[in-house]
Amino acid sequence: MAETVLDVKKLANFINGEWLHVNESAPVINPATGERVIEVPLSTKANVDEAVEAAEKAQKEWALVPAPQRAEVLFQVGNIMKERKERLGKLLTMENGKVLEEALGEVQEGIDMAFYMAGEGRRLFGQTTPAELKDKFAMSVRAPIGVVGIITPWNFPIAIATWKSFPAIVAGNAVVWKPATETPIMAYEMAKIFEEAGLPKGVLNVVFGSGSAVGDAMVHHDGIRVISFTGSNDIGRNIASDCGRQLKKVSLEMGGKNAVIVMDDADLNLAVEGIIWSAFGTSGQRCTACSRVIVHEDVKEELEKRLLTEMKKLTIGNGLDKSIKVGPIINKSGMEKIKKYIEIGRSEGAKLLAGGYELKDGEHGNGYYFAPTLFTDATSSMRIAQEEIFGPVVSLIPVKNFEEAIDVNNSVTYGLSSSIFTADVNRVFQAQRDLDTGIVYVNAGTTGAEIHLPFGGTKGTGNGHRDSGVQALDVFTEWKAVYVDFSGKLQRAQIDVE
Ligand code: NAP
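Computed from a predicted structure; not experimentally measured.

With that settled, the discussion passes to the packing of aromatic side chains. How two aromatic rings sit relative to each other is set out by the distance from centre to centre and by the angle between their planes. Per the counting criterion, the structure on display carries six aromatic pairs. An angle of 80° between the planes, with centres 5.7 Å apart, marks the rings of Trp 154 and Phe 390 as edge-to-face. Within this pair, whereas Trp 154 is found in the loop between β7 (147–151) and α5 (159–170), its partner Phe 390 is found in the loop between β17 (373–376) and β18 (393–399), the two being separated by 236 residues in sequence. You can call Trp 154 buried: its relative accessible area is 18%. Ring geometry for Trp 163 against Phe 455: centres 4.7 Å apart, planes inclined by 45°, an arrangement best described as tilted. Remark: Phe 455 occurs in the loop between β21 (439–442) and β22 (458–459) and Trp 163 occurs in helix α5; sequence separation between them is 292 residues. One exposure class covers both Trp 163 and Phe 455, and it is buried.

This is the structure in C-alpha cells:
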C-alpha cells in the first residue's frame with residue numbers, strides 16, 4: 001500500500017515551521033495487528049516553552065492578516081485534505097483501528113470543517129446596535145485571544161483537532177496542539193498539510209508527548225490563554241480546576257452514556273440498524289456511542305431477537321479489510337476496562353445475551369478484539385447503565401412508558417447524545433424538549449453529528465462550551481464592545497441627562 005507509507009521512521013515536533021526531533025520516543029502500535037507503526041516523540045516542558053514562544057510571536061502578525069486571507073489558507077488545507085483523503089483514512093485506520101469506511105468518514109468531517117470555517121473568514125459576525133446618545137455608534141466585534149492550547153484524544157485523531165484548530169486559526173489565534181500519544185500520525189500529516197497550504201511559521205505548532213508532561217505544561221503555561229480539551233472526565237476535571245486557579249478560559253468535551261429509546265410504535269428494523277451502527281461502530285469507542293437501549297416492555301423481546309440476528313452478522317478484524325465491520329479496541333488498558341465492566345454487569349444481575357469475551361483466535365490474537373456484547377434486563381441504577389465503558393457493550397433497560405424512558409435517559413451524570421425511535425409526532429417534540437443532552441436524534445442512532453451544528457453535552461459531559469458550528473468561535477474569541485463618538489464633544493453616558 002504505497003500511499004500509506006510514512007516518509008519518516010520517527011515523528012518530529014512541528015515548531016515555528018521547523019521539524020524538531022527530541023531524544024525520547026515511544027512506539028505507536030497498530031491495535032489491529034500489534035505491529036509498531038512509527039515512533040512518537042516524548043517531548044518535555046522545554047519543548048512546550050519553545051512552541052508557545054513561537055506561537056506568541058506568530059500570532060501578533062497573524063491577527064493582523066485580514067480574516068478572508070486567513071481563510072484562504074483553510075480553503076487550501078481543505079483542498080489538500082481532499083486530495084489525500086484515501087491516504088489519511090488508511091493511516092488513521094492503522095493508528096486507531098477504526099474500520100476504513102469510518103476513518104474516511106472522519107477525514108471527510110475534517111474536510112467539511114475546513115471549508116465551513118474558511119467561509120467564516122468572510123463572516124465572523126459581530127453586531128451593530130443603537131447607541132444611547134446622539135452622534136454615537138456602537139458595535140461588538142470578535143477579537144482573537146492569543147495562543148490557544150488544544151489537547152485531543154485518540155478516538156477521533158483528525159476530526160476533533162479540526163473542530164478546534166480551524167476556528168481558532170481563522171479567528172486569528174495561534175495554536176499549540178498536543179495530540180494523543182496513541183494516535184500522533186494524523187497530527188503529523190495535518191502539520192505537513194498546513195505547511196504546504198502556506199500557513200505562516202508558528203501559527204500552528206504540534207508538540208507530541210504524554211499528557212502528564214506536555215499536556216500539563218500547556219495547561220500551566222502563562223502564554224496559553226485558552227485550553228480546549230476533549231477526553232475523559234477525570235483528566236478534564238483536573239484541567240478545569242488548574243485553569244480555574246489561573247483564570248484561564250477552558251473548554252471541555254468529555255464522556256457520554258448515550259441511550260437509544262425504542263418506543264412501542266417504533267419501526268423496529270430501523271431501530272435495530274440505528275443501534276447496531278451507533279453501539280458497535282468504532283467498536284463502541286465514541287463519546288456518542290449508544291451504550292444503553294431504553295426499550296418499551298411491549299417490544300423488548302422482539303427487539304432483542306432482531307438485535308441478536310444482526311449482531312451475528314458483524315465481522316470483526318483489521319479495519320483495512322473492507323469486509324470488516326468492527327475493528328479492534330485501542331489498547332490493553334481499554335480491553336481491561338471493558339472486561340471489568342462485563343464482570344460488573346454479571347455481578348449486578350444483568351443478563352448477558354451475546355458476547356462478553358475477548359477474541360483470541362487466529363489473527364485476532366495479534367490485536368485487541370472484543371466481541372459485540374448485549375446485556376438485557378439491566379436497571380437504570382446499575383453501574384453498566386451509568387458509567388462510560390468505551391467498548392462494544394450495550395445494555396437493554398426495559399421501561400413501561402414514554403415518561404419513564406425520558407427519566408431513565410436523564411438519570412446519568414453525562415448529557416451528550418440521545419435518540420428516540422417513534423412514529424408519534426407528539427412524542428418526538430416532547431422528547432427533543434425533555435431529553436437532557438446536547439444532541440438529540442429522532443429515528444436515528446446516537447452518532448452522526450454534522451460539523452455546522454454545535455457539538456457537545458450538558459451536565460458532566462462538558463462545561464457549557466461547544467465544538468464545531470459557529471459556536472466554536474465563542475471558545476476562541478473575546479467579544480469586544482466598541483463605541484465611536486462622532487459628536488465632537490464629550491458626551492457622558494450612564495448619567496442622567498436633561
Ligand atoms: P484522556 O485519557 O482524558 O486523554 C485525552 C487527552 O488528554 C490526551 O491527549 C492525553 O494525552 C491528554 N492528557 C492526559 N493527561 C493529561 C494531563 N494531566 N494534562 C493534560 N492533558 C492530559 O482521554 P482518551 O482516553 O484519549 O479519550 C477517551 C475519552 O474522550 C472518553 O471519555 C470519551 O468519551 C472522550 N471523548 C469526548 C468527546 C466529546 O466531544 N465529548 C469526543 C471524543 C472523546 P496522552 O493520552 O497522550 O497521555
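With that settled, consider the nonpolar core. Membership of the largest hydrophobic core comes to 70 residues, with the highest contact counts inside it found for Val 77, Met 81, Phe 166, Met 190 and Phe 194. Among the elements that line this core, the one with the most residues is helix α6 (residues 185–197), at nine residues. Formed by 29 residues, the second largest nonpolar core is a distinct cluster that contains Ala 279, Val 295, Leu 314 and Phe 421.

What follows is about the site of the ligand. As a matter of local geometry, the ligand sits amid 28 residues, with Thr 152, Thr 181, Ser 232, Met 254 and Glu 388 nearest to it. Backbone polar atom of Thr 152 to an oxygen atom of the ligand: 2.7 Å apart, as the coordinates give it. Relative to its free-state accessible area of 910 Å², the ligand is covered by the protein chains to the extent of 86%. Elements represented by at least two residues in the shell around the ligand include exactly α7 (211–220), β10 (224–230) and α8 (233–246). Sort the elements by how many residues they give to the shell around the ligand and α7 lands first, with three residues.

Okay, the packing of helix α9 (residues 268–280) against helix α10 (residues 300–312) next. Relative orientation of the contacting elements α9 and α10 amounts to 55°, with a least axis distance of 10 Å. It follows that α9 is oblique to α10 by the angle criterion. The crossing of α9 and α10 is right-handed. Here α9 contributes Leu 268, Asn 269, Val 272, Ile 275, Ile 276 and Phe 280 to the contact with α10, which in turn contributes Glu 302, Leu 303, Arg 306, Leu 307, Glu 310 and Met 311. Within the contact of α9 with α10, the residues separate by chemical class into eight nonpolar, one polar and three charged.

Turning next to the state of the cysteines. For the coordinates displayed, the defined rule picks out zero disulfides. The thiol sulfur of Cys 290 is not disulfide-bonded, and the nearest other cysteine sulfur, from Cys 287, lies at 13 Å. Residue Cys 290 is classed as buried on the basis of its relative accessible area, which comes to 1%.

Rules behind the numbers
- Residues numbered from 1 in each chain as written.
- Predicted model: local features only at pLDDT ≥ 70, side-chain atom pairs only at ≥ 80, totals over all residues.
- Heavy atoms only, no water.
- Phe/Tyr/Trp six-rings, centres within 6.5 Å; stacked < 30°, edge-to-face > 60°.
- Helix = DSSP H or I, 4+ residues; strand = E, 2+ residues; numbered from the N terminus.
- Buried < 20%, exposed > 50% of the residue type's maximum accessible area, 1.4 Å probe, protein only.
- Core = buried A, V, L, I, M, F, W, Y, C linked by side-chain atoms within 4.5 Å.
- Near = heavy atom within 4 Å.
- Polar contact = N/O pair within 3.5 Å; in protein donor to acceptor, adjacent residues only side chain to side chain.
- Areas by Shrake-Rupley, 256 points an atom, 1.4 Å probe, with all protein chains shown as cover.
- Axes fitted to C-alpha atoms, helices over the stretch in contact; angles between N-to-C directions.
- Parallel < 35°, antiparallel > 145°, perpendicular 65-115°, else oblique.
- Left-handed = near helix turned anticlockwise from the far one by under 90°.
- Contact = heavy atoms within 4.5 Å.
- Nonpolar A, V, L, I, M, F, W, Y, C, P; charged D, E, K, R; others polar.
- Disulfide = S-S within 2.5 Å.

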